[in-house]
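Below are the chains, spelled out letter by letter.
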Amino acid sequence: MNKVKLYTILIFLTIYHFVHGQNKLFIPDTLSGSVINLHLQKGHHAFFNNYQTATLGANGNILGPTLILRKGDDVKINVNNQIGETTTLHWHGLHVAPENDGGPHTPIINESTWSPTFEIKNRASTCWYHPHLHHKTNEHVTKGISGVIIIRDEIEKKLALPRTYGADDFPLVIQTKDFDSSFEIITQSNHDDILMVNATIEPFLEVPSQVVRCRIVNGASQRAFNLGLNNDQDFYQIATDGGLLPKPFKTKRLLIAPGERVEILIDFKDMTGQTVHLLSYASELPSGIYGATNAGMVAMMTLDGYNPNPLNGKNFKILSFNIIHQTQNPIVNIPNSLVEKESINENLSNITRTLTFSPMAMGMNQLNGDFTINNASFDMDVINYEIPLNNIEIWELRNQSAISHPFHIHDIQFNILSRNGQTPPPNEQGLKDVVLVRPGETVRFITKFETFSNPHVPYMFHCHLLPHEDGGMMGQFIVTDRVSKTKDDKFNKTEKLKIWPNPATNMIEIIHEEEIEVYDQVMICDTQGKIVYKKLHTLSPKQNIKVDILQWPSGGYFIKIGNSTFSEAASFIKK
Ligand code: C2O
Ligand code: CU
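Residue indices follow the written sequence of each chain, beginning from 1 at its first position. Here the convention is simple: chains get letters from A, ligands get numbers from 1, in the order in which they are written. Under the rules for a predicted model, residues below a pLDDT of 70 receive no local features and side-chain atom pairs below 80 are neither given nor counted, while totals for whole chains, interfaces and linings still include all residues. In computing side-chain properties, one takes all heavy atoms of the structure into account and sets aside hydrogens as well as water.

(A) Main features of the environment of Q52. You can see Q52 is positioned in the loop between strand 3 (35-45) and strand 4 (53-58). Summary of the burial criterion: residues with accessible area below 20% of their type's maximum are buried, those above 50% are exposed, and those between are partly exposed, where the area comes from a 1.4 Å probe applied to protein chains only. A residue is classified by how much of its surface remains accessible, and Q52, at 48% relative accessible area, is partly exposed. Taking C-alpha positions, Q52 is 7.8 Å from F183, a pair spaced 131 residues apart along the chain. Here Q52 is in contact with H44, H45, A46 and E184, once residues within four sequence places are set aside. Strands are runs of DSSP state E lasting at least two residues, helices are runs of H or I lasting at least four, and both sets are numbered from the N terminus onward. By definition in these notes, contact holds between two residues if any of their heavy atoms fall within 4.5 Å.

Structure follows, in structure tokens:
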């Protein structure tokens, strides 16, 4: 980061405030129903007046529509990729089968469509979606693709809560980005000095003078926010990542780390005409959190490009609420209670797994990463855990690095059991899928791996600081079901997948008889389980895949093809 650039932006922003005033907060459109079409595309967005910045978005130039889904409904989402390169789209927080989850093993090739179909199993909650291609997550998210998912259910419906989208119920995706001197997004940077909500810089939002609900997503690559209101007014957290709390949690501050979601209620009753600002009280952040003056525990530890930055360790404005007249049938009270507490008894756990976070290299430069989990870096071909379906597990996260890591796990929601042996505060006792683990801290959570199993497609767990994730601070697990495993083997023997010739010498043809048309991964392993071939193919009816095997050592080989609707295996001999 050079100073000239910093000053250009600061001067620019100063002029910007005086000349243009503030910007109306962008509220994304909504999509719902049983078929949802998302088009991932390139675009341009005017973050700064008169400058068109190159972006990525879903169904538009930046971000994506808010998906409003109902528990129990079946939905098919057609994700069409037109961004010019491969990506994936992950439903962060949703309990879906691994092949529908949109992780790094489910690439969507440019100019193709991926159509996962699934039932919404989550409780009413705020989730989100974003790309998840290994090594590319930060780039694709920072350039603009992400969107909010609102899940509704019958229990939430009966509560007297604001839920009119864009009227008293607002999605707020908070992000920070770094721009170069021509106002293009720098996708790998520790100098994210421009704050935005729903891609709007210096935003204001008109809110009615009543109880208002904000669904806040921390969509930043690395920065944590310490939310509070400038008038020192109390507000109420009503939901964590996985849904509603037993009762509203009254507070003046709320720390939200990357990947996390909170729903809050703010009471603006009798305040028509006033303006209240949502701030990040970053000056109160302790060392060791990205966003504080010192991202590491020790002031001398360096993170390239981090300081100076007007957002580090200083309080700053996130959003201005301009309070206007009430709506019809306003919600004017904060409810006393919300939902029944759901948690798993610790004694029921089958296993405790320990995950230790450490820097790859020790020393003063360790903040720059990479970081490892149990001394290992992510490997697409290594399954870190095989978890039996319906296992109840305790995961113990130990952070032995000098910076906080928001740990995220796919598939499930968990309950935090303890932080350094202490019961977590009430607002962390709800269902979660991300937890911030501070330097030196040990966090334990409990969860059950239910409903979905697939021996071929893994789920991810990782740090949600996107440079850490892309840098390999990630692992994967498969959930296996003994019963369906045998089913699976039988299925393979029906021989929908044929290899010809067998035995073979120079070339094999993989013949697929099903009436399907999908893109999927064809994987060939030797008898040791070593992957010798892995490629995406279009599998269309009766269209054969040819693989050149001339140079391969003789022996047995195993072919696996897996996707959302089927997964099959066959074997052949190389002479
Ligand atoms: Cu929000 Cu694995 O990601
Ligand atoms: Cu991390």
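(B) Here's a closer look at the sheet that holds strand 21 (residues 254-256). Any two strands between which DSSP finds at least two bridges are classified as paired. Taken in spatial order, the six strands of this open sheet run 1-16-24-23-18-21, and their pairing is mixed. Looking at the sheet topology across the chains shown, the edges are occupied by strand 1 (23-24) and strand 21. With seven bridges connecting them, strand 23 (residues 275-281) and strand 24 (residues 315-324) associate as antiparallel partners. The residue bridging T275 from the neighbouring strand is N322, located in strand 24.

(C) Structural context of the coordination of the copper ion (ligand 2). Note: metal donors comprise N, O and S atoms at 2.8 Å or less from the metal (3.2 Å for Na, K and Ca); water molecules are not included, so apparent gaps in a site are possible. At the metal site, the copper ion (ligand 2) is ligated by H405 (ND1), C463 (SG) and H468 (ND1), and these contacts range over 2.0 to 2.1 Å. Coordination of the copper ion (ligand 2) draws on donor residues from a single chain, spaced H-x57-C-x4-H in sequence. Remark: H468 occurs in helix 4 (residues 466-470) and H405 occurs in strand 29 (residues 405-409); sequence separation between them is 63 residues. Classification of H468 as buried rests on a relative accessible area of 7%.

(D) Molecular detail of a nonpolar patch on the surface. Residues enter patches when they are more than 30% accessible in relative terms and free of salt bridges; like-charged ones are connected within 9 Å and nonpolar ones (Val, Leu, Ile, Met, Phe, Trp, Tyr) within 5 Å. The method behind every accessible area is Shrake-Rupley, applied with a 1.4 Å probe, and residues are considered shielded solely by the protein chains displayed. A pair is scored as a salt bridge if a Lys or Arg side-chain nitrogen falls within 4 Å of a carboxyl oxygen belonging to Asp or Glu. Side chains of M297, V298, M300 and M364 sit close together on the surface and give an oily, nonpolar patch of about 380 Å² of accessible area. Residue V298 is classed as partly exposed on the basis of its relative accessible area of 34%.

(E) Representation of the pairing of strand 19 (residues 235-240). With six of its six residues buried, strand 19 lies for the most part within the structure. In terms of strand pairing, strand 19 meets strand 20 (residues 243-251) through five bridges, oriented antiparallel. Along strand 20, the bridge assignment pairs Q237 with F249. Hairpin connection, strand 19 to strand 20: the antiparallel pair is bridged by two residues.

(F) Spotlight on the nonpolar core. By convention a nonpolar core is built from buried Ala, Val, Leu, Ile, Met, Phe, Trp, Tyr and Cys residues, the set being connected through side-chain atoms within 4.5 Å. Ranked by size, the top nonpolar core spans 38 residues in total, and within it L172, I216, F225, L227, F268, I318 and F321 carry the most contacts. The dominant element in this core, judged by the number of residues it contributes, is strand 24, at five residues. Residues within four places of L227 in sequence aside, it is in contact with I174, I216, F235, K252, R253, L254, I256, V262, L278, L279 and I318.

(G) View of the sheet that holds strand 27 (residues 385-388). Within the open sheet, the five strands sit side by side as 27-34-33-29-31. Their pairing is mixed. Edge positions in the open sheet fall to strand 27 and strand 31 (434-437), since each of these has one partner strand only. If you compare each strand with its neighbour and ignore which way they point, the axes differ by 25° on average. Both strand 27 and strand 34 (residues 474-480) contribute to a ladder of four bridges, which runs parallel. In the strand pairing of strand 34, I387 is matched with V479. Lines fitted to the C-alpha atoms define the axes, with helices restricted to the stretch that makes contact. Angles between their N-to-C directions range from 0 to 180 degrees.

(H) Structural view of the pairing of strand 24. Where strand 16 (residues 203-208) and strand 24 come together, five bridges link them in parallel fashion. The residue of strand 24 that forms the bridge with V207 is I323.

(I) Highlighting the pattern of salt bridges. On inspection of all chains with the given rule, the structure shows 28 salt bridges. A salt bridge links E156 to R163; the nearest nitrogen and oxygen atoms lie 3.1 Å apart. Judged by its relative accessible area of 2%, E156 falls in the buried class. The partly exposed category is assigned to R163, whose relative accessible area is 22%. Among the charged side chains, a network of salt bridges with common partners joins E156, R163, D169, R213, R215 and E263.

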